[in-house]
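Residue-level listing of the chains:
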Amino acid sequence: MLDGNERKPALWPVRSQPYGPATVRRQWRTRMIYALVCVLGVLPLLLGGAPQLKAFGLGLLFPGAGMFYPGAGAVLVNVLWFAATMVLFSIAFVIWFGSGNILAPLAVWLGAAAVGAIRAPEPGNDWLVAVPIAGAVIFAGLNRLKAQRHLKASQAEIAKRNARLADATVPARPRFIPEKQFVGEELDQDELEHLRFGLEGALQPVDSFWGFDRTEQFQLSATRYQINSLAYMLANAHYAKMPAFHGYMAQAQRNLIEKMLVPEVWRYWRTENRWGNLQNSADPVIRDNIMLTGYWGMQIGLYESITGDTRYGQAGALTFEWDKKTRFPHDYHSVNRALYENYKRSDLGYFPCEPNWVYAACNAHGMLSLILHDRLHGTTYAEEISDAFRFAHEVEFVAPDGRPMEIKSTRLGWNFTFPAIFNGTLGNLSAKGAGKPPSKIIGSGLTGAAPMLAGGILPDLTERDIFFGGYEESRQKILSGKTDLHAMSAQAGAAVYLSSLSPAVEYGDEELAKYIREAYRADPSTNIVRENGVAHVPNETLGRIGSLWYGMFGRHGSSYDLINRGNLPEWNRGPILEEVPYPHVLVARAVTDGESLNVVLRPGGPGGKHRVTVARLRPGRDYVLEGAVDTSVVADGQGRAHFDVVVERRLELSVSPSARKHP
């Protein structure tokens, strides 16, 4: 019998079909369209059409198939033409995959059919029409047979897992969710030096992009993802360590929010929308494009949750300007409303990033944005789509054995997964699992793509995937030395440590987190460079640093709390450290109990006397200062106080209401 502190873990679903129902509908639609194409391709042969029409029809059945229509004496030339077609089609497919350009593969396919027709002035190999049709039938049959075998093996594997879970219990509150919100231990000097690299990039002018990779704007190295990752890292540090400080931490996040409005960051969308959706609109918010709206909406929500600043909710506060005549006014609410409407339109439960391509990771961020908006503004967006999202997480974007299918084509119903190399250096630590089916280490696309954030959406499934999906085995290998982090870092650098640190910190695994931190700091192969109080990794972008260093500044459950709980009431009403002169003074910790303020400061360079500002005091009230030059201060009419501190080494500063009021 379970007591009030325990519950049964969520079971893995036992699937009766290889694919989810929405995926199956798309696959059948694809088959019907191809069948119609086959009919059109065969008609010239059946109707005795001209050789050119027969060659063109053959080319419709498979890219480049029409190149084989010319008869004897042209075999070698036919092969060369077909090979050239396949090279071009492969390139076109990569372009489609990377940018949503559906016109590229269609143009190559139809263009090759047209070239085949031009090359066929005389009757040729009519019988070849049967080859691609037979090939398609055989391919479909073998694929179906393979899927059924995989399904049967997966059902047996899932039954074994669920049998083990039948005797298991888990805490009523998932282990990665702390009992209540709290402020973590202060950042030490090394951590502050690491944090400063991100701050240097975030505090530069909004239209400046020092430290960002600007090579392309379509795929994973796009500038927008780098902005988002850096913002998430700063928000995590802000919330976990210093929620009672605004100053340069808040300014850095505002800069990054507004940097997303710089045209070069978002103008890619008109191109993608044109060649992917065949629409001309350049508005990056309304349709698809969750790779911008989901990540950015979450970014804005994190900032508002920490600071209480609602400026981005004002109408037109986030306006995209194409030119002086074309503007797209938006705000925090319209971004989330667009997310909600796109989710509601999709029967898959997720909706596309690029036109046609749906990524599980992008949709995780979209859902987190809605959860934040609901908590901050009383909407019910996330609640309304939660059932469909959960079904997508468990069925539509997961193989029967539990392996994540990170990418799906909405038009074809095809599933894709990243190669193991993209799953992270220690993929098993995030319950990812990259083995051949049925996979022993399982997880969902959501858990694998964002292990430190997934618990905020589906905590019961996250706990199952993490703690019953290989995490314990992986951590023991690290702690015992069987997984040699030092040897791996010689090849992959700091990522070996830091990709494992984030989930360990978020899940409250203090033993593993401490081990990784100490190993990271002691390993010279991580290539950390320290200059003028700033730690950085040569040749790493700010966005990459934001992803890698995320966990360095967190605490147990900080991501979950930031998204689902937010600030404690006393954090929202108590005094805050409003301003310090950056980089001369660095904040290592800042917390308020609703009445008093306690801060730890460190010098960012040579020590000296500096003026700081405290806000949200009671106007006209006397406050006692400890650690400042003066011993007391009186709040002005706006509830602010300005005073001097001498920061030459670690300094503890406290501001507490005096027992007496100022006359």
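Here, the structure is the one placed above.
We now turn to the structure provided with this report.

Each value, and the rule that gives it
Residues numbered from 1 in each chain as written. Predicted model: local features only at pLDDT ≥ 70, side-chain atom pairs only at ≥ 80, totals over all residues. Heavy atoms only, no water. Salt bridge = Lys/Arg side-chain N within 4 Å of Asp/Glu carboxyl O. Helix = DSSP H or I, 4+ residues; strand = E, 2+ residues; numbered from the N terminus. Buried < 20%, exposed > 50% of the residue type's maximum accessible area, 1.4 Å probe, protein only. Contact = heavy atoms within 4.5 Å. Phe/Tyr/Trp six-rings, centres within 6.5 Å; stacked < 30°, edge-to-face > 60°. Lys NZ or Arg CZ within 6 Å of the ring centre and 35° of its normal. Axes fitted to C-alpha atoms, helices over the stretch in contact; angles between N-to-C directions. Parallel < 35°, antiparallel > 145°, perpendicular 65-115°, else oblique. Left-handed = near helix turned anticlockwise from the far one by under 90°. Nonpolar A, V, L, I, M, F, W, Y, C, P; charged D, E, K, R; others polar. Core = buried A, V, L, I, M, F, W, Y, C linked by side-chain atoms within 4.5 Å.

**A short note on the pattern of salt bridges**
This structure, assessed with the given rule, holds 30 salt bridges. A salt bridge links Arg 521 to Glu 191, with the shortest nitrogen-to-oxygen separation between them at 3.7 Å. Remark: Glu 191 occurs in helix H6 (residues 189-202) and Arg 521 occurs in helix H20 (residues 510-522); sequence separation between them is 330 residues. In this structure Arg 521 comes out as partly exposed when scored by relative accessible area, which is 41%.

**Some points on the environment of Arg 29**
Looking at where Arg 29 falls in the secondary structure, it is placed in helix H1 (residues 21-46). Excluding residues that lie within four positions of it along the chain, Arg 29 makes contacts with Thr 410 and Arg 411.

**Some details on the packing of aromatic side chains**
In total, this model carries 29 aromatic pairs according to the counting rule given. Judged by centre distance (5.2 Å) and plane angle (65°), the rings of Tyr 225 and Tyr 295 are edge-to-face. Pair noted here: Tyr 225 is in helix H7 (residues 223-241) and Tyr 295 is in helix H11 (residues 290-307), with a separation of 70 residues, a long-range link. When sorted by exposure, Tyr 225 lands in the same class as Tyr 295, which is buried. With a centroid separation of 4.9 Å and an interplanar angle of 85°, the aromatic rings of Tyr 343 and Phe 351 are classed as edge-to-face. In terms of burial, Tyr 343 and Phe 351 fall into one category: buried. Joined through ring pairs, the aromatic side chains of Trp 266, Trp 296, Phe 320, Trp 322 and Phe 328 make up one cluster. In this arrangement the basic side chain of Arg 224 is found over the ring face of Tyr 225, its NZ or CZ atom lying 4.8 Å from the centre. A cation over a ring is seen here: Arg 555 above Phe 182, with NZ or CZ 4.2 Å from the ring centre.

**Describing the packing of H11 against helix H12 (residues 332-345)**
Closest axis-to-axis distance for the H11/H12 pair is 10 Å, and the angle between their directions is 135°. Between H11 and H12, the angle is such that the two are oblique. In this structure, the crossing between H11 and H12 has a hand that is left-handed. Residues Ile 290, Thr 293, Gly 294, Trp 296, Gly 297, Ile 300, Gly 301 and Glu 304 of H11 form the contact with H12, whose own contacting residues are Tyr 332, Val 335, Leu 339 and Tyr 343. A class-by-class count of the residues in the contact of H11 with H12 yields seven nonpolar, four polar and one charged.

**What to know about the nonpolar core**
One finds Trp 296, Trp 549, Leu 577, Val 587, Leu 601 and Phe 643 to be the most contacted residues of the largest nonpolar core, which totals 151 residues. Counting ten residues, the second-largest nonpolar core is a separate cluster that includes Cys 38, Ala 55, Tyr 69 and Ala 120.

**Re the environment of Arg 164**
Relative to the helices and strands, Arg 164 is located in helix H5 (residues 130-166). A residue is classified by how much of its surface remains accessible, and Arg 164, at 55% relative accessible area, is exposed.

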